[in-house]
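Structural description and commentary
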Amino acid sequence: MKKNTIISAVLLAVASILVAIGVAEISFPESFLTFTDQDWLIDLWPKAYRYNIHVGLVAIVIATGLCVPAYKLQKDFAIRALETLFRIGIGGMFIFASIFKIQDPHQFATLVAQYQFFSALHVDFANNFFALVYPQFELWFGLAMIFTPWVKESAFAIFWMFVSFIIALAWALWNDLGITCGCFELEGAQDKAEAWTSLIRDLILIWPTLWLALRKNKSLIGVWKK
C-alpha cells in the first residue's frame, strides 16, 4: 500500500470517528460516544452539557476538513472509502430508526399526530397510514443502501425522506410544538430543543445522501473493484 493511501486512510478513519462523535453529541448526548455529559467534565465545567451541539458541529467541521487532504493525497481511495462509510452509516441509521416504529406502530401514529401536520390539511386518516408505511420504507431502503447495488435509488428515496423530516421538524418548530422528533424513540418530549438538534442532524446528513444518489450503482464489494 502506498504511503499516500495509508495517510489518506488514517485521515478518513479519524474523520469517521469525529463524525460519529458529532452526530452523537447533536442527537444522542447521553451515548457512549459523547463526552459533554461526563461527570469529570461537568465537575470542571458545570455548563458543559449545554454545549453538546456546539461540540458536535465542531467535530463535523473538523472531520470535513480532514477529508480534503485525504482526497488530495489519494483521490480514488478517498472516494471509495467515503461511499462505503456513508452507505453503511446512513443505511444503518435508517434501519435502526425503523425498529422502534415497526414494533409499536400505534405509539408512532400518536407521535405523528402530535405534529398536527395532517390535521392542518384535514387528512387525519393519513396519520395511521404514514405510521404503518414510513418505517417500512426506512427499513428496506436502509437495507438496500448497504446490501444491494442500487445505491442511486435507495439514496434518492432516503434523500426525500430527509426532506420530509426537515419539513416536519421545521413545521413543529414554527408552531412551537414541544414534541420529540420520533426518529429513534417514541417517548414524547416537553422541550423543543430535541426538534432543533434533529433538524440540524438532518440538514447535515442530507448532503452525503444526495452525493450517494449521484453515484453509480454498485455493491459495496463492487465499489472496491477496479
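Every value quoted in this text rests on a predicted model; they were computed, and no experiment measured them.

Calculation criteria
Residues numbered from 1 in each chain as written. Predicted model: local features only at pLDDT ≥ 70, side-chain atom pairs only at ≥ 80, totals over all residues. Heavy atoms only, no water. Helix = DSSP H or I, 4+ residues; strand = E, 2+ residues; numbered from the N terminus. Rg over C-alpha atoms; globule rule 2.2 N^0.38 Å. Buried < 20%, exposed > 50% of the residue type's maximum accessible area, 1.4 Å probe, protein only. Contact = heavy atoms within 4.5 Å. Lys, Arg positive; Asp, Glu negative; His and termini not counted. Charge placed at Lys NZ, Arg CZ, Asp CG, Glu CD. Salt bridge = Lys/Arg side-chain N within 4 Å of Asp/Glu carboxyl O. Phe/Tyr/Trp six-rings, centres within 6.5 Å; stacked < 30°, edge-to-face > 60°. Core = buried A, V, L, I, M, F, W, Y, C linked by side-chain atoms within 4.5 Å. Axes fitted to C-alpha atoms, helices over the stretch in contact; angles between N-to-C directions. Parallel < 35°, antiparallel > 145°, perpendicular 65-115°, else oblique. Left-handed = near helix turned anticlockwise from the far one by under 90°.

1. Brief notes about the overall build of the protein
- In terms of regular secondary structure, the protein is built from ten helices and zero strands.
- Secondary structure elements in the protein, listed N-terminal to C-terminal, are α-α-α-α-α-α-α-α-α-α.
- For 226 residues, the compact-globule estimate of 2.2 N^0.38 gives 17 Å, and the C-alpha radius of gyration of the protein, at 19 Å, lies within 12% of that figure.
- Principal-axis analysis of the C-alpha atoms gives the protein an extent of 60 × 50 × 30 Å.
- When the 226 residues of the protein are sorted by exposure, 43% land in the buried category.
- Here the contacts in the protein between residues at least 6 apart in sequence split such that 72% fall between residues at least 24 apart.
- Seen as two clouds, the 17 positive and the 17 negative side-chain charges of the protein have centres 21 Å apart.

2. Side note on the pattern of salt bridges
- Within the structure shown, the criterion is met by five salt bridges.
- Measuring nitrogen to oxygen at the nearest pair gives 2.8 Å for the salt bridge that ties D76 to R80. Here D76 and its partner R80 are both found in helix α4 (residues 75–103), four residues apart, which amounts to about one turn of the helix.
- Judged by its relative accessible area of 41%, D76 is partly exposed.

3. Some words on the packing of aromatic side chains
- As enumerated under the stated definition, the model contains 14 aromatic pairs in all.
- Ring centres of F156 and W160 lie 6.2 Å apart, and the angle between their planes is 75°; this geometry places the pair in the edge-to-face category. Taken together, the positions of F156 and W160, both in helix α8 (residues 151–174) and four residues apart, correspond to about one turn of that helix.
- Taking the relative accessible area as the measure of exposure, F156 reaches 47% and is therefore partly exposed.
- Seen in terms of ring centroids, F159 and W160 are 5.3 Å apart; in terms of plane orientation they differ by 80°. Their pairing is edge-to-face.
- Look at F159 and you get buried, because its relative accessible area is 15%.

4. Brief notes about the nonpolar core
- Membership of the largest hydrophobic core comes to 26 residues, with the highest contact counts inside it found for I90, F94, M145, I158 and F162.
- Elements supplying a minimum of two residues to this core: α4, α7 (126–147), α8 and α9 (193–213).
- Discounting residues that sit within four places of it in the chain, F94 has contacts with E138, L139, G142, I158, M161, F162 and F165.
- If you look at the next biggest cluster of nonpolar residues, it comprises seven residues, including F77, A78, A81 and L82.

5. What to know about the environment of G89
- Residue position: G89 is located in helix α4.
- For G89, a relative accessible area of 40% corresponds to the partly exposed category.

6. So, the packing of helix α1 (residues 3–27) against α4
- Following both chains from N to C, one finds α1 and α4 inclined at 25°, their axes separated by 10 Å at the closest point. Classified by the angle their axes make, α1 and α4 are roughly parallel. Judged by the twist between their axes, the crossing of α1 over α4 is right-handed. Seen from α1, the contacting residues are T5, S8, A9, L12 and S16; seen from α4, they are F77, A78, A81, L82 and L85.

7. Notes on the side chain of E83
- Along the chain, E83 turns up in helix α4.
- Its relative accessible area of 2% is what places E83 among the buried residues.
- Beyond its immediate sequence surroundings of up to four residues, E83 is in contact with V151, W211, L212, R215, K216 and V223.

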